[in-house]
Amino acid sequence: MRRPTPAFLRCLPCLLLLQASLWADPVAKTPQLVVDLLAEPTPLQSGKPVTLALRFRPAPGWHIYWSNPGDSGLPPSVTWKLPPGWTAGELQFPSPEKILVPPLVSYGYEQETLLLTTFSIPDHEKMPSSFPIEADIEWLVCKETCLPGKAHLNLTLPTQPKPNIDLQGLFDDVRRDLPVSIPSIPISAVTEGSTLRLTVQPKTQVGSLTLFPEGDFLDEFKPSKTESLGSGKLQLTLPLKEKAKLPPSLQGVLVAEKPWDSSGHRALAISLPLGSALRSLGEGGPSSRLPEILLFAFLGGLILNVMPCVFPILSLKALHLVQIASESRSTARREGLAFGSGVLLSLLALAGLLILLRASGQALGWGFQLQSPPVVWLLLALLYALSLNLLGVFEFQVLLSGLANQSPRQGWTGAFASGLLAVAVASPCTAPFMGVALAAAFALPAVGTLLVFSSLAFGFALPVLLFSLFPNLLKFLPKPGAWMITFKKVLSLPMLAAVLWLGWVAFRLSGTTAMLPIVLGLLFLTLGLIVYGKAQKSFPPPPTLRTLGFALILLASITPALLLKTAAPSPNTSHPLGRLPWSEEEVSRQLAAGRTVFIDFTAAWCLTCQVNERITLSQPSVQAAIRDKNIAFLVADWTRRDPAITAALQKYGREGVPTYVLLRPNTPPQLLPELITPSLVLDALSR
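Now for a description of the structure that goes with this document. Everything quoted here is computed from the prediction, not taken from an experiment.

Some points on the overall build of the chain
Broken down by element type, the chain carries 17 helices and 23 strands. In the chain, which comprises 687 residues, the proportion classed as buried is 48%. For the chain, the share of sequence-separated contacts (at least 6 apart) that also reach a separation of at least 24 residues comes to 73%. Taken as a whole, the chain presents about 32,400 Å² of accessible surface, with 63% of it coming from carbon and sulfur.

This is the structure in structure tokens:
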């Protein structure tokens, strides 16, 4: 008589189906899936990264899931046990395929798939012959039913592996399938009724497009359509689900039939505004977001008053307000309105110039004028002349007369000119709230852009307007007196510091060739202003002396502006230890290696950038965190005009510097504020 089968043996097949056993090998096998652990066949070097892969081979009809599984499913996960000092990056998922099981759609893989992870090897005085790696892997494999599985795999990595062309080919192939970011390819997304429309302008013929979004709002059971719009543009039209809740931004992967560029990548990582896109003011009325953007522009302009680059000019204006405190209310109001008019006119002129230049196809952003050496020189010469004015070398008679002791009839011209000068000095700065407002401004038609810049001007001019329109506030300021002469000389110090800063900017733009024109220009400018000042102190002013002074000033101003040119960037440009020059290729390479990337968009002419560098980014605690977490620190230097950096800024929703972006593999970009502190950066790096 046969003995009955024990209960635990009868249940054993079911248990094997529900969960895979634990293996202590590089390979785990179930009837539905084979998983193994592979190492790229490259020599291991001290301090260099190494890449491993989890290879999943589903049985026919079965599949595993992408990082975003879609309507159902779970992506694979892994916990590593590594040699001392090693750190592991995140799993990197290649572009998936759509798996339709009505009424659900999932994103995953039905064919052999490699998920890469890059490890950082610490420095070793003497490299051992091999390293042991262990991995606890969990997955979900599905067909009509879904079965969870897990395995414990190990692998010994030899320091000098044998060459393996086939294995290296697997790694090379999967890297081409990883999503990459290519800012030089413009992409926009709008919703129209029940459809989502993506407009792309690739550099080559890429064929049909497929979108894998993060979020559940596409109706995958209705057909999508890729069509040509002419001029190289493609439009992908996708149906939306009924009553779909759209996210504020579109995140995901856009896969092309053919590669986007010569690198062979077909998967493009995208992150762009969606749903809250600004409509044309001339078509359908004002956008629902326009009031919010105007508020941001106003707040940005208000905060701009306390930014380092503007403070010296506004200090001069405060000095003049003290000066007119004892005069009539009408004088104070007139000069406050004149200052506000100068701010408004200059900002609108700058906005108009940007609109025209961008419409002509030039890639320009906020602060573009200081990418021109002649403009830098003219601003340097103006601030230097203003410094000598504060030291009493000469007196302005019309230009900036409101900053000197001139008659009330001339005060309004000086106040107007000081408004122009304040904007000229402030234009390289980007205050909090300004980044979002400026990016939105250039997404609007021209009328909307000018409205945003008008709001920015109002916020910038508001402190002076308040003191001027409400003279009672001037009672809180000290009374005019002899102290003002000393204070004016003290104010010349930040002006001279600004002159040195602009000289450094000119040197960064033009190289060593800038030294001689600038030194000679300042020498002749000083001589001309001294001669002109002596003519002012004589009565009647000698015409010959005044003409000579004016000629020297004109010669000193124009000649360097004609001689200074933008020099090509030096190939040996040095960066602080551990920092790398930015490029989209470098970003893609670091992300593919599994590293977190911190991008510092900066410029020599951005004083806020320099302040952030000194008080935050150069701090030992921040530098230590970057090293300990193996973060790639990339510097995108926008001192010179660079269309690639301009495109990258616009991709991240910014129009100027400073901009700080934190990128992690398969994660949307994280933008930090314009003003950063060590604690803020450390908190962002630790997430």
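What to know about helix 10 (residues 483–510)
Its 28 residues give helix 10 an end-to-end C-alpha distance of 41 Å, which sits within 8% of 40 Å, the value for a rise of 1.5 Å per residue. One or two positions beyond helix 10, positive phi appears at Gly 511, with a value near 75°.

Here's the deal with the environment of Leu 116
Looking at the element boundaries, Leu 116 is found in strand 9 (residues 113–120). A relative accessible area of 0% means that Leu 116 is categorised as buried. The spatial distance from the C-alpha of Leu 116 to the C-alpha of Ala 53 is 4.4 Å, given a sequence separation of 63 residues. Not counting residues within four places of it along the chain, the set of residues in contact with Leu 116 comprises Thr 51, Leu 52, Ala 53, Glu 90, Leu 91, Gln 92, Phe 171, Val 174, Arg 175 and Leu 178.

With respect to the state of the cysteines
If you walk through the whole model with that rule in mind, you get two disulfides. A sulfur-sulfur separation of 2.4 Å characterises the disulfide bridge that pairs Cys 606 with Cys 609. When the S-S torsion is 85°, as for the bridge of Cys 606 with Cys 609, the disulfide is right-handed. When sorted by exposure, Cys 606 lands in the same class as Cys 609, which is buried.

Focus on the pattern of salt bridges
Here the structure, examined in full by the defined rule, presents eleven salt bridges. The partner of Asp 36 in a salt bridge is Arg 57, and the shortest N-O contact between them spans 3.3 Å. You can see Asp 36 sitting in strand 2 (residues 33–39) and its partner Arg 57 sitting in strand 3 (residues 49–58), a full 21 residues away along the chain. Note on Arg 57: relative accessible area 30%, which makes it partly exposed. Residues Arg 508 and Asp 637 are paired through a salt bridge, measuring 2.3 Å at the closest nitrogen-oxygen approach. Residue Arg 508 is located in helix 10, and its partner Asp 637 is located in strand 21 (residues 632–637); the two are separated by 129 residues in the primary sequence. Assessed through its relative accessible area of 24%, Arg 508 is described here as partly exposed. For Asp 637, a relative accessible area of 26% gives the class partly exposed.

Considerations on a nonpolar patch on the surface
A contiguous nonpolar patch, built from Leu 391, Trp 483, Phe 487, Val 490, Leu 493 and Leu 496 and spanning about 490 Å² of accessible area, is present on the exposed surface. Positionally, Phe 487 belongs in helix 10.

Thoughts on the nonpolar core
By size, the foremost hydrophobic cluster in this structure holds 55 residues, and its most contacted members are Trp 377, Leu 383, Trp 582, Ile 599, Phe 601, Trp 605 and Val 657. A per-element tally of this core places helix 6 (residues 373–390) first, with eleven residues. Leu 52, Trp 80, Tyr 109 and Val 253 belong to the second-largest nonpolar core, a separate cluster that totals 40 residues.

Details of the sheet that holds strand 8 (residues 104–109)
Taken in spatial order, the three strands make up an open sheet running 4-8-7, and their pairing is antiparallel. The open sheet has two free edges, formed respectively by strand 4 (64–70) and strand 7 (97–101), since each of these has just one partner strand. Neighbour-to-neighbour, the strand axes of this sheet turn through a mean angle of 45°, independent of strand direction. As paired strands, strand 7 and strand 8 are joined by five bridges and run antiparallel to one another. Of the residues in strand 8, the one forming a bridge with Glu 97 is Gly 108.

Remarks on the side chain of Ser 492
Locating Ser 492 in the fold gives a position in helix 10. Take Ser 492: its relative accessible area is 1%, and that puts it in the buried class. Among the polar contacts listed, one links the side chain of Ser 492 to the backbone oxygen of Lys 489, at a separation of 2.4 Å. Those residues within four positions of Ser 492 in sequence are excluded, and the remaining contacts are Ser 387, Leu 390 and Leu 391.

With respect to the layout of surface pockets
Counted as a void, the second largest pocket has a volume near 890 Å³. In this structure, the second largest pocket is lined by 33 residues; those nearest its centre are Gly 47, Pro 49, Ser 120, Arg 595 and Asn 630. Broken down by element, the residue count for the lining of the second largest pocket peaks at four residues, all from helix 15 (residues 620–628). Looking at the lining of the second largest pocket, its residues break down into 13 nonpolar, eleven polar and nine charged.

Focus on the packing of helix 3 (residues 290–304) against helix 9 (residues 446–469)
Look at helix 3 against helix 9: their axes get within 7 Å of each other, and the N-to-C directions meet at 35°. As for the relative orientation of helix 3 and helix 9, their crossing is right-handed in sense. In this structure, helix 3 contributes Ile 293, Leu 294, Ala 297, Phe 298, Gly 300, Gly 301, Leu 302 and Leu 304 to the contact, and helix 9 contributes Leu 451, Val 452, Ser 455, Leu 456, Phe 458, Gly 459, Phe 460, Leu 462 and Pro 463. Of the residues contributing to the contact of helix 3 with helix 9, the split by class is 13 nonpolar, four polar and no charged.

Focus on the sheet that holds strand 15 (residues 225–230)
Taken in spatial order, the four strands make up an open sheet running 12-13-16-15, and their pairing is antiparallel. In this open sheet, the two edge strands, each paired with only one partner strand, are strand 12 (187–192) and strand 15. The average undirected angle you get between the axes of adjacent strands in this sheet is 25°. Where strand 15 and strand 16 (residues 233–239) come together, five bridges link them in antiparallel fashion. Bridge pairing in strand 16 links Ser 228 to Leu 234.

Analysis parameters
Residues numbered from 1 in each chain as written. Predicted model: local features only at pLDDT ≥ 70, side-chain atom pairs only at ≥ 80, totals over all residues. Heavy atoms only, no water. Helix = DSSP H or I, 4+ residues; strand = E, 2+ residues; numbered from the N terminus. Buried < 20%, exposed > 50% of the residue type's maximum accessible area, 1.4 Å probe, protein only. Contact = heavy atoms within 4.5 Å. Areas by Shrake-Rupley, 256 points an atom, 1.4 Å probe, with all protein chains shown as cover. Expected span 1.5 Å × (residues − 1). Disulfide = S-S within 2.5 Å. Salt bridge = Lys/Arg side-chain N within 4 Å of Asp/Glu carboxyl O. Patch = residues over 30% accessible without salt bridge, like charges linked within 9 Å, V, L, I, M, F, W, Y side chains within 5 Å. Core = buried A, V, L, I, M, F, W, Y, C linked by side-chain atoms within 4.5 Å. Pairing = 2+ DSSP bridges. Axes fitted to C-alpha atoms, helices over the stretch in contact; angles between N-to-C directions. Polar contact = N/O pair within 3.5 Å; in protein donor to acceptor, adjacent residues only side chain to side chain. 1 Å grid on protein atoms, 1.4 Å probe; cavity = no way out; pocket = protein on both sides within 12 Å on 5 of 7 lines; lining within 4 Å. Points joined across faces, edges and corners; volume = space filled by probe spheres on them. Nonpolar A, V, L, I, M, F, W, Y, C, P; charged D, E, K, R; others polar. Left-handed = near helix turned anticlockwise from the far one by under 90°.

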